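Remarks on the overall topology
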Amino acid sequence: MRQLVETIAKALVDDPTQVQTTEEMEEETIVIKLTVAKEDMGRIIGKEGRTAKAIRTLLNAVATKDSKKAILKIVE
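Described in the following lines is the structure provided in the data block. (Residues numbered from 1 in each chain as written. Predicted model: local features only at pLDDT ≥ 70, side-chain atom pairs only at ≥ 80, totals over all residues. Heavy atoms only, no water.)

**Here we look at helix α3 (residues 50-65)**
Its 16 residues place the ends of α3 23 Å apart at the C-alpha level, agreeing with the 22 Å of an ideal helix rising 1.5 Å per residue. Restricting attention to buried positions, one finds in α3 the residues Ala52, Ile55, Leu59 and Ala63. The arc that holds the buried residues of α3, viewed along the axis, is 75 degrees, so those residues lie on one side. Of the exposed residues in α3, the ones pointing more than 90 degrees away from its buried face are Arg50, Lys53, Thr64 and Lys65. In the core, the buried residues of α3 are packed alongside α1 (2-12), β2 (29-35), α2 (41-45) and β3 (69-75). Immediately downstream of α3, the backbone of Ser67 shows phi near 60 degrees, a positive value. (Helix = DSSP H or I, 4+ residues; strand = E, 2+ residues; numbered from the N terminus. Expected span 1.5 Å × (residues − 1). Buried < 20%, exposed > 50% of the residue type's maximum accessible area, 1.4 Å probe, protein only. Arc of directions from axis to C-beta. Contact = heavy atoms within 4.5 Å.)

Following this line, the structure appears as C-alpha coordinates:
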(Lines give C-alpha, C1' and ligand atoms only; values in the text may rest on other atoms or scores of the structure.)
Protein backbone atom coordinates (compact mmCIF):
# COMPACT_ATOMS: atom_id res chain seq x y z
CA MET A 1 0.00 0.00 0.00
CA ARG A 2 2.87 2.34 0.77
CA GLN A 3 4.27 1.70 -2.69
CA LEU A 4 0.92 2.58 -4.29
CA VAL A 5 0.78 5.97 -2.58
CA GLU A 6 4.43 6.66 -3.41
CA THR A 7 3.95 5.83 -7.10
CA ILE A 8 0.89 8.06 -7.41
CA ALA A 9 2.60 10.94 -5.60
CA LYS A 10 5.74 10.72 -7.74
CA ALA A 11 3.61 10.92 -10.88
CA LEU A 12 1.91 14.10 -9.65
CA VAL A 13 4.80 16.22 -8.36
CA ASP A 14 7.54 18.22 -10.08
CA ASP A 15 10.30 16.86 -7.81
CA PRO A 16 9.76 13.11 -7.31
CA THR A 17 13.05 12.78 -5.40
CA GLN A 18 11.43 14.62 -2.46
CA VAL A 19 8.55 12.13 -2.13
CA GLN A 20 8.83 10.00 1.02
CA THR A 21 6.35 7.56 2.49
CA THR A 22 6.35 5.67 5.76
CA GLU A 23 4.00 2.95 6.93
CA GLU A 24 3.05 2.49 10.59
CA MET A 25 0.54 0.42 12.49
CA GLU A 26 -1.82 2.13 14.93
CA GLU A 27 -4.09 -0.39 16.62
CA GLU A 28 -5.88 -2.17 13.72
CA THR A 29 -5.15 0.52 11.12
CA ILE A 30 -2.27 1.04 8.71
CA VAL A 31 -1.19 4.69 8.67
CA ILE A 32 0.71 5.87 5.61
CA LYS A 33 2.46 9.21 5.99
CA LEU A 34 3.28 11.08 2.79
CA THR A 35 5.86 13.86 2.66
CA VAL A 36 6.54 15.95 -0.46
CA ALA A 37 8.42 19.17 -1.23
CA LYS A 38 6.67 22.30 -0.02
CA GLU A 39 6.24 23.54 -3.61
CA ASP A 40 4.41 20.30 -4.56
CA MET A 41 1.99 20.26 -1.63
CA GLY A 42 -0.73 21.93 -3.69
CA ARG A 43 -0.44 19.28 -6.41
CA ILE A 44 -0.95 16.48 -3.89
CA ILE A 45 -3.89 18.14 -2.14
CA GLY A 46 -5.55 19.50 -5.29
CA LYS A 47 -8.42 21.94 -5.59
CA GLU A 48 -10.67 21.61 -2.57
CA GLY A 49 -8.75 18.46 -1.59
CA ARG A 50 -9.99 16.44 -4.56
CA THR A 51 -6.64 14.86 -5.42
CA ALA A 52 -5.96 13.86 -1.82
CA LYS A 53 -9.47 12.42 -1.57
CA ALA A 54 -8.91 10.39 -4.75
CA ILE A 55 -5.63 8.98 -3.41
CA ARG A 56 -7.38 8.06 -0.15
CA THR A 57 -10.20 6.37 -2.08
CA LEU A 58 -7.71 4.21 -4.00
CA LEU A 59 -5.85 3.39 -0.79
CA ASN A 60 -9.08 2.35 0.93
CA ALA A 61 -10.05 0.17 -2.04
CA VAL A 62 -6.77 -1.73 -1.83
CA ALA A 63 -6.99 -1.99 1.96
CA THR A 64 -10.56 -3.27 1.84
CA LYS A 65 -9.54 -5.92 -0.69
CA ASP A 66 -6.98 -7.14 1.86
CA SER A 67 -9.53 -6.89 4.72
CA LYS A 68 -7.58 -4.08 6.38
CA LYS A 69 -8.08 -0.42 7.24
CA ALA A 70 -5.71 2.27 6.01
CA ILE A 71 -5.49 6.03 6.27
CA LEU A 72 -3.29 8.57 4.53
CA LYS A 73 -1.69 11.45 6.39
CA ILE A 74 -0.11 14.19 4.32
CA VAL A 75 2.74 15.67 6.35
CA GLU A 76 3.86 19.25 5.76
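The rest of the description comes next.
**Side note on the sheet that holds β2**
Reading across from one edge, β1-β2-β3 is the order of the three strands in this open sheet, with mixed pairing throughout. On the outer flanks of this sheet lie β1 (20-26) and β3, each paired with one strand and no other. Ignoring which end each strand starts from, the neighbouring axes of this sheet average 20 degrees apart. Two elements, β2 and β3, share seven bridges in a ladder whose sense is parallel. Along β3, the bridge assignment pairs Thr29 with Lys69. Lying on the sheet, α1 is in contact with β1, β2 and β3; it crosses β1 at an angle near 150 degrees. Along the sheet face, α3 touches β2 and β3 and points at about 150 degrees away from the line of β3. (Pairing = 2+ DSSP bridges. Axes fitted to C-alpha atoms, helices over the stretch in contact; angles between N-to-C directions.)

Shape descriptors only; they carry no functional weight alone.
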